[in-house]
Amino acid sequence: MDETPLPTVTEQFARTLAPASDAVIEEMDAKADREGFPTVGPAVGGWLRLVARMVDADRVFEFGSGFGYSAYWMAPAVPDDGQIVLTEIDADELEEAREFLDRGGFADQAVFEHGDAIETVENYGGPFDVVLIDNEKHRYAEAFEAVREKVPVGGAVVADNMIEAGSLEFEAVQALLDGTDVDANETSRGIAAYLECVSDDPEFETGLLPLGEGVAVSVRME
């Protein structure tokens with residue numbers, strides 16, 4: 001008898017249980033489909049909003065925001081006097097993010113930073129209750145180290161693309177985590193380095209959310 005793979009079922013159910021989208025999200029989804037732009041998708045987007053609610057987030061920082069998809073999903077969970085810092089190296093995408101969040105009524109909560117996210121976070125003192133890492137994969141560990149001290153106890157660091165990401169070779173990532181030095185590309189080595197970094201950090205506990213392209217969630221415990 002044919003069986004539906006568990007990840008497919010999980011994704012379908014997560015989409016069903018996710019908060020309802022609105023006209024802006026639907027437009028953003030259509031744009032992503034049309035242009036082949038890699039967003040986290042509504043299943044992960046719903047989880048990002050839930051994470052922000054669970055930690056009672058006042059401030060959010062994103063390493064890599066694209067045209068604002070993830071930020072838009074989290075925005076309803078951030079209070080009117082809260083803050084979401086979006087960072088993006090592409091000025092046109094950042095302007096699109098500004099337009100989308102403005103149309104959704106979230107512009108007053110958002111700060112739009114054009115430039116390198118790792119350099120940008122140095123200008124902020126924190127704390128950040130939720131951090132989303134979604135910049136260059138080979139710089140994930142660098143991003144974590146740049147922001148970890150700005151995450152309070154109970155705060156969460158969320159990293160996308162743990163299982164799939166363009167040239168990511170999952171088998172190579174697993175081998176590297178097992179201590180085998182294999183011939184791996186920059187993306188695979190970057191993801192492995194990130195997972196090793198957060199797993200070895202005694203102040204954080206990390207788990208994998210098997211949705212979208214794989215999401216690691218690390219919560220600061222002390």
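Residues numbered from 1 in each chain as written. Predicted model: local features only at pLDDT ≥ 70, side-chain atom pairs only at ≥ 80, totals over all residues. Heavy atoms only, no water.

### Topic: the overall build of the protein
Just so we agree on the cut-off: The numbering of helices and of strands both runs from the N terminus, where a helix is a DSSP run of H or I of at least 4 residues and a strand a run of E of at least 2. Note on method: radius of gyration uses C-alpha positions; expected globular size equals 2.2 Å times residues raised to 0.38. Working definition: with a 1.4 Å probe on protein chains only, accessible area under 20% of the residue-type maximum means buried, over 50% means exposed, and in between means partly exposed. Only the protein chains shown count as cover for residues, and all accessible areas are computed by the Shrake-Rupley method using a 1.4 Å probe. For the purpose of counting charges, residues Lys and Arg are taken to be positive, whereas Asp and Glu are taken to be negative. His and the chain ends are not included. By convention, charge coordinates are those of NZ in Lys, CZ in Arg, CG in Asp, or CD in Glu.
The number of helices and strands found in the protein is nine helices and seven strands. Relative to the compact-globule value of 17 Å for 222 residues, the protein shows a C-alpha radius of gyration of 17 Å, a close match. Projected onto the principal axes, the alpha-carbon positions of the protein cover approximately 50 × 50 × 30 Å. The buried share among the 222 residues of the protein stands at 51%. Summed over its atoms, the accessible surface of the protein is roughly 10800 Å², and 49% of this surface lies on carbon and sulfur atoms. For the protein, the distance from the average position of its 14 positive side-chain charges to the average position of its 48 negative side-chain charges is 4 Å.

### Concerning a negative patch on the surface
What counts, and what does not: For patches, a residue must show more than 30% relative accessible area and have no salt bridge; joins then use 9 Å for like charges and 5 Å for nonpolar side chains, namely Val, Leu, Ile, Met, Phe, Trp and Tyr. The salt bridge definition used is simple: a Lys or Arg side-chain nitrogen within 4 Å of an Asp or Glu carboxyl oxygen.
Taken together, the side chains of Asp-56, Asp-58, Asp-80, Asp-81, Glu-99, Asp-102 and Asp-108 present a region of like negative charge at the surface. Take Asp-58: it is sitting in the loop between helix H3 (41-54) and strand E1 (59-63).

### Some words on helix H7 (residues 140-147)
Counted only if it meets this: Residues are treated as being in contact if the distance between any of their heavy atoms lies within 4.5 Å.
For H7, the tally of buried residues reaches six of eight residues, placing the bulk of the element in the interior. By the burial criterion, the buried members of H7 are Tyr-140, Ala-141, Ala-143, Phe-144, Ala-146 and Val-147. Its buried side turned inward, H7 meets E1, helix H6 (117-121), strand E4 (130-133), strand E5 (156-159), helix H9 (186-200) and strand E6 (204-209).

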